[in-house]
Amino acid sequence: MKNDVNRQFRLKSRPVGRIKTSDFDLVEARIPEPGAGEALVRNLYLSLDPTNRIWMSDMDQYMPPVKIGEVMRGGGIGVVVKSNSSAYQVGDHVSGLVGWQDYTIAGEKPEQRMGVIPKGLPVPLTAMMGACGMTGLTAYFGLLELGMPKPGETVVVSAAAGAVGSVVGQIAKIKGCRAVGIAGGPDKCKWLTDELGFDAAVDYKRAGWKEELARATPNGIDVNFENVGGEIMEAVMARMNLFSRMPLCGMISGYNTGEPMRGDFGPILMKRIAIRGFIVIDFMAKYAEGSRQLAEWVAQGKIKHRETIVDGLEQAPTAVNKLFDGENMGKLIVKLADPEKF
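Basis of the calculations
Every chain's residues receive numbers from 1 upward, in the order its sequence appears when written. Residue-level local features of this predicted model are given only where pLDDT is at least 70; pairs of side-chain atoms are given and counted only at 80 or more, and the full residue set underlies all totals for whole chains, interfaces and linings. As a rule here, side-chain values cover all heavy atoms of the structure and leave hydrogens and water aside. Pairing of aromatic rings covers Phe, Tyr and the six-membered ring of Trp, with a centre-to-centre limit of 6.5 Å; geometry is then stacked below 30 degrees between planes, edge-to-face above 60, and tilted otherwise. In this text, helices come from DSSP runs of H or I with a minimum length of four residues, and strands from runs of E with a minimum of two, each type numbered from the N-terminal end. To qualify as a nonpolar core, a set must consist of buried Ala, Val, Leu, Ile, Met, Phe, Trp, Tyr and Cys residues joined through side-chain atoms within 4.5 Å. Whether a residue is buried, partly exposed or exposed follows from its accessible area with a 1.4 Å probe, protein chains only, as a fraction of its type maximum: under 20%, in between, or over 50%, in that order. Note on contacts: a residue pair is in contact if any heavy atoms of the two residues lie within 4.5 Å. Helix span is expected to be 1.5 Å times the residue number reduced by one. The arc in question is traced by the directions running from the helix axis to the C-beta atoms. Inter-axis angles, ranging from 0 to 180 degrees, are taken between N-to-C directions of lines fitted to C-alpha atoms, where helices are fitted over the stretch in contact. In this scheme the handedness of a crossing depends on how the near helix is turned from the far one: anticlockwise by less than a right angle means left-handed, clockwise means right-handed. Classification convention: Asp, Glu, Lys, Arg as charged; Ala, Val, Leu, Ile, Met, Phe, Trp, Tyr, Cys, Pro as nonpolar; all other residues, Gly among them, as polar. The criterion for strand pairing is that DSSP finds at least two bridges linking the strands in question. Seen with its strands pointing away from the viewer, a crossover is right-handed when the path leading from the first strand over the helix to the second is clockwise. Identification of polar contacts relies on pairs of N or O atoms within 3.5 Å, with a donor-acceptor requirement for protein atoms, meaning one able to donate a hydrogen and the other able to accept it, and with residues adjacent in sequence counted only if both atoms are side-chain atoms.

Peer 1: How would you summarise the packing of aromatic side chains if you had to cite specific residues and measurements?
Peer 2: According to the stated counting rule, one finds 8 aromatic pairs in the structure shown. Ring centres of Phe141 and Phe283 lie 5.1 Å apart, and the angle between their planes is 5°; this geometry places the pair in the stacked category. Of the two residues, Phe141 sits in helix α2 (residues 134-147) while Phe283 sits in the loop between β13 (274-277) and α8 (287-299), which places them 142 residues apart along the sequence. Note on Phe225 and Phe278: the rings are 6.1 Å apart at their centroids and 80° apart in plane angle, and the pair reads as edge-to-face.

See below:
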């Protein structure tokens, strides 16, 4: 790899179906020079998330779609290597929208703002992208603010072996609930129950999984933390209790199809289910509170985390499909550079 260029993946075409390397141009640009009030950041880790697929699409969404020819949007963590800003010191680790590239500029403009990660945290840097970062905060606020679980209630989470779902189930256990995860494959289900402490895990790839879900939720379902949509969502909703709650975090099963997600509204009416779609940025004002609590739980061993790390920026366009193929466990990350070298 050349050290004097800024490699960038720029969106070339909007994906149809699976994301392909041919949907991007990999270009070598000049490393940007920070201006007044700006800092140059060497990106270390790139976060791969289901929302990447939405950003690539020309559809109504919570942020503007990435334009054709623009650097692909992506969250991540980097280190400040040059600074003309009092807000960013050389050596600071920062997190924000770094993009699918080797370097980015942090500054005062809204699109350039990045958060400085406190030094001396009792968790590894990669945890600040997963369990203690945006995905952990998604689980934290979605479950506690919208799901409002009470001790003794049953919480079900789909895509439970993913970055968000794995934290949802562990927070549910901290709050005294019965945690049931839905995941694909025996290894993931074993990880949920044996290592993360879920009360039960349902393998949706196995025949008879709906009957297994019924056995795992003998008292019905009080909170459904929904990540998947489609058939799994319908099966869970059919078992939800009167006045149950459903934080709607994602509908990943439909992201690659281009088809609108449809569902049975009957249970919503008959069971008076409270459904609330949300994006983690809805709770931005409470990020510090959530991060502190998550870091404390991780340090105490109450929340365990795992990362699936792919090496090299060039892997990003193909690695992101692991999210939709169910190949990752925990947080999916692309390692761009060795933090020890900075």
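Peer 1: Residues and numbers for the nonpolar core, please.
Peer 2: Side chains that are nonpolar tend, in soluble globular proteins, to be buried together. With 49 residues, the main nonpolar core has Leu143, Ile171, Leu192, Leu294 and Ile303 as its most contacted residues. The greatest single-element share of this core, amounting to 6 residues, is contributed by α2. Apart from residues no more than four positions distant in its own chain, Ile171 is found in contact with Ala139, Tyr140, Leu143, Leu144, Leu294, Trp297 and Ile303. In terms of nonpolar packing, the next biggest core, distinct from the first, is built from 48 residues, Val80, Met114, Ile221 and Val334 among them.

Peer 1: If you had to explain α8 to someone new, which residues and values would you point to?
Peer 2: For α8, which comprises 13 residues, the first-to-last C-alpha distance of 18 Å matches the rise-based estimate of 18 Å (1.5 Å per residue) to within 8%. Taken together, the buried positions of α8 are occupied by Tyr287, Gly290, Leu294, Ala295, Trp297 and Val298. The buried residues of α8 occupy one face: seen down the axis, they fall within an arc of 160°. Of the residues flanking the end of α8, it is Gly301, one or two places downstream, whose phi is positive at about 80°.

Peer 1: Account for the packing of helix α5 (residues 209-216) against helix α6 (residues 230-237), naming residues and giving values.
Peer 2: Any two packed helices are characterised by the angle at which their axes cross and by the distance between the axes. At a minimum axis distance of 10 Å, the contact between α5 and α6 shows a crossing angle of 35°. Once α5 is placed against α6, the crossing between them reads as right-handed. Here Trp209, Lys210 and Leu213 of α5 come into contact with α6, specifically with Glu231, Ile232, Ala235 and Val236. Taken together, the residues of the contact of α5 with α6 break down into 5 nonpolar, no polar and 2 charged.

Peer 1: I'd love a proper account of the pairing of strand β8 (residues 154-158), names of residues and values included.
Peer 2: Most of β8 sits out of view: 5 of its 5 residues are buried. Burial of the side chains of β8 extends over both faces: Thr154, Val156 and Ser158 are buried on one face and Val155 and Val157 on the other. Judged from the 5 bridges that link them, β8 and strand β9 (residues 178-183) form a sheet pairing that is parallel. When the bridges of β9 are listed, Val155 appears paired with Ala179. Taken together, β8, helix α3 (residues 163-174) and β9 form a β-α-β motif whose crossover is right-handed.

Peer 1: Would you mind going over unusual backbone geometry in detail, with residue names and values included?
Peer 2: In this structure, Ala159 takes a positive phi of about 50° despite not being glycine. With a phi close to 50°, Arg272 is a non-glycine residue in the positive phi region. Relative to the helices and strands, Arg272 resides in the loop between α7 (266-270) and β13. By relative accessible area, Arg272 is classed as partly exposed at 45%.

Peer 1: Any details on the side chain of Asp49? Residues and values, ideally.
Peer 2: Mapped onto the secondary structure, Asp49 falls in the loop between β3 (39-47) and α1 (51-55). For Asp49, a relative accessible area of 16% corresponds to the buried category. Reaching out from Asp49, the side chain makes a polar contact with the side chain of Ser47 at a distance of 2.5 Å. If near-sequence neighbours (up to four positions away) are discounted, Asp49 is found in contact with Thr135, Val320, Leu323 and Lys331.

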